[in-house]
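What follows is each chain in one-letter form.
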Amino acid sequence: MDIFSISKSVALSIPKEYFFLRSSFSNISIINLANMFSPLDKDFAIILSILLQSIFLKVLFSVKNTSLKEIFGELLKSGLKYKGIPISENLLDELIYKKKKDIFEFLTDYFEDIVLKGKKPIMIIDELQVIGDLKINGFLIYKLFNFFIDLTKEKHLAHVFCLSSDSLFIEKVYNEAMLDDRADYILIDDFDKETAMGFIDFLTERSLNKKLSNEEKETIHYYVGGKPILIINVIDKLKIGYELNDILNELLTLKISQLKDFLRNLDYITPKVMIENIEVEINKKDILNALKLFKENYTLDADEIPKAVYVYLIEKNILFLNPMDGSLNVQSYLMWNAIRKVVKS
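Residues numbered from 1 in each chain as written. Predicted model: local features only at pLDDT ≥ 70, side-chain atom pairs only at ≥ 80, totals over all residues. Heavy atoms only, no water.

1. Observations regarding the side chain of S167
- Within the fold, S167 resides in helix α7 (residues 167-174).
- Looking at S167, its side chain comes within polar contact range of the main-chain nitrogen of L321, at 3.2 Å.
- Not counting the four nearest positions on each side in its chain, S167 is found in contact with I314, F320 and L321. (Helix = DSSP H or I, 4+ residues; strand = E, 2+ residues; numbered from the N terminus. Polar contact = N/O pair within 3.5 Å; in protein donor to acceptor, adjacent residues only side chain to side chain. Contact = heavy atoms within 4.5 Å.)

2. Observations concerning the environment of N175
- With respect to the helices and strands, N175 occurs in the loop between α7 and α8 (193-207).
- Residue class for N175 comes out exposed when judged on its relative accessible area of 55%.
- Through-space distance from the C-alpha of N175 to that of M324 is 9.7 Å; in sequence the pair is 149 residues apart. (Buried < 20%, exposed > 50% of the residue type's maximum accessible area, 1.4 Å probe, protein only.)

3. Examining the confidence of the model for the chain
- Summary statistics for the chain give a mean pLDDT of 78 and a share of 67% for residues scoring 70 or more.
- Confidence drops under pLDDT 50 across residues 1-12; counting only partners more than four residues distant or on other chains, this segment forms six contacts.
- The model gives residues 27-42 a pLDDT under 50, and that stretch makes twelve contacts with residues more than four places away or in other chains. (pLDDT = per-residue confidence, 0-100.)

4. Focus: unusual backbone geometry
- Unusually for a residue other than glycine, N209 sits at a positive phi of about 60°.
- Even without being a glycine, N317 presents a positive backbone phi close to 60°.
- Among the structural elements, N317 can be located in the loop between α13 (307-315) and β10 (319-322).

5. Things to note about the side chain of T204
- Tracing the backbone shows T204 in helix α8.
- Using a relative accessible area of 0% as the deciding quantity, one classes T204 as buried.
- At a separation of 3.2 Å, a polar atom in the side chain of T204 contacts the main-chain carbonyl oxygen of D201.
- When neighbours within four sequence positions are excluded, T204 is seen to be in contact with N209, K210, K211, L212 and I235.

6. A short note on the pattern of salt bridges
- A complete count under the given rule lists eight salt bridges for this structure.
- Of the charged contacts, one joins D190 and K227 as a salt bridge, the two residues approaching to 3.3 Å between their closest N and O atoms. One end of the pair, D190, is in the loop between α7 and α8; the other, K227, is in the loop between α9 (214-224) and α10 (228-239), and 37 residues separate them in sequence.
- Classification of K227 by relative accessible area gives buried; the value is 17%. (Salt bridge = Lys/Arg side-chain N within 4 Å of Asp/Glu carboxyl O.)

7. Here we look at the sheet that holds strand β11 (residues 327-330)
- If you walk across this open sheet you meet the three strands as β9-β11-β10, and the pairing is antiparallel. In this open sheet, the two edge strands, each paired with only one partner strand, are β9 (299-301) and β10. Across the sheet, the mean angle from the axis of one strand to that of its neighbour is 30°, orientation sign disregarded.
- Alignment of β9 against β11, held across three bridges, turns out to be antiparallel. (Pairing = 2+ DSSP bridges. Axes fitted to C-alpha atoms, helices over the stretch in contact; angles between N-to-C directions.)

8. Concerning the packing of aromatic side chains
- Throughout the structure, instances matching the rule amount to ten aromatic pairs.
- Geometrically, the ring pair formed by Y110 and F111 is edge-to-face, given 5.9 Å between the ring centres and 75° between the ring planes. Each member of the pair, Y110 as well as F111, is classed as buried.
- Within the aromatic cluster, the residues linked to one another by ring pairs are F145, F147 and F148.
- Sitting over the face of the ring of W336, R340 holds its NZ or CZ atom 3.8 Å from the ring centroid. (Phe/Tyr/Trp six-rings, centres within 6.5 Å; stacked < 30°, edge-to-face > 60°. Lys NZ or Arg CZ within 6 Å of the ring centre and 35° of its normal.)

In structure tokens form, the structure reads like this:
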């Protein structure tokens, strides 16, 4: 059985009592305005606190024009997946403006009621790094993780998955003492070569009614590696008649152009990053020296590059940090090929 058949089998085997509640911060842009005003602006601070709580809660919840009792009835009957935790509009207004109940107390009661009725919620919070620096009477992220620990490890009311594409945020969370032995870290990485080849076969058999030759598959992997979205893009263009070499060369040319533009900008700016609340300047020479190390290596130990340099390259989506083993990867095979062509030894 191949990996795709296994994945389908696993999905179909999930017990019916489980249902998914997914909240995503991916389309939310939060500016920490609190740091722009003095502590004397008390009225503004109150308004800002209400605004930020409103944004957070409206992403966390999915408003339904019905009562909480009817919502529970729908949950128990359907077991569907929901975008956000379903809640009535009146109840959401009470949580934001009237503050009759603490939000985390409300959620605990909410999940307890669901579990007592035989359901097992799986809560998914996507792109959590967006609220990483958000303060509402202290950093919200710490309150959230304390709540998740209580919900999962202590009360056993739900499973919680926190997703993030920001490897610096993951490293910060990974090193938090409060999560020691209380959280598992799962790296959702690119496909390895064997799986990538199988994925190419899977797509081409369905889209092109044929398999590509081994040489063609090797060429695709050389350019884009095991990144699923790029493999899909390549196959989609093959489907509408583009030549394989033209597709791959166009992708690489674009990435080379982006990298050259990034390096040219360094002649006019002095990049800065924050390391433990200290602003650190970086020069172009250090960045080039770091990139040279990747001409022959796709993965390096983070100790081989100054932290300020690799933090900046991660912020620019050139490198990726795996906090579990302290390794640095190039963000993609496309970027790796661009580095090898642009950066001189």
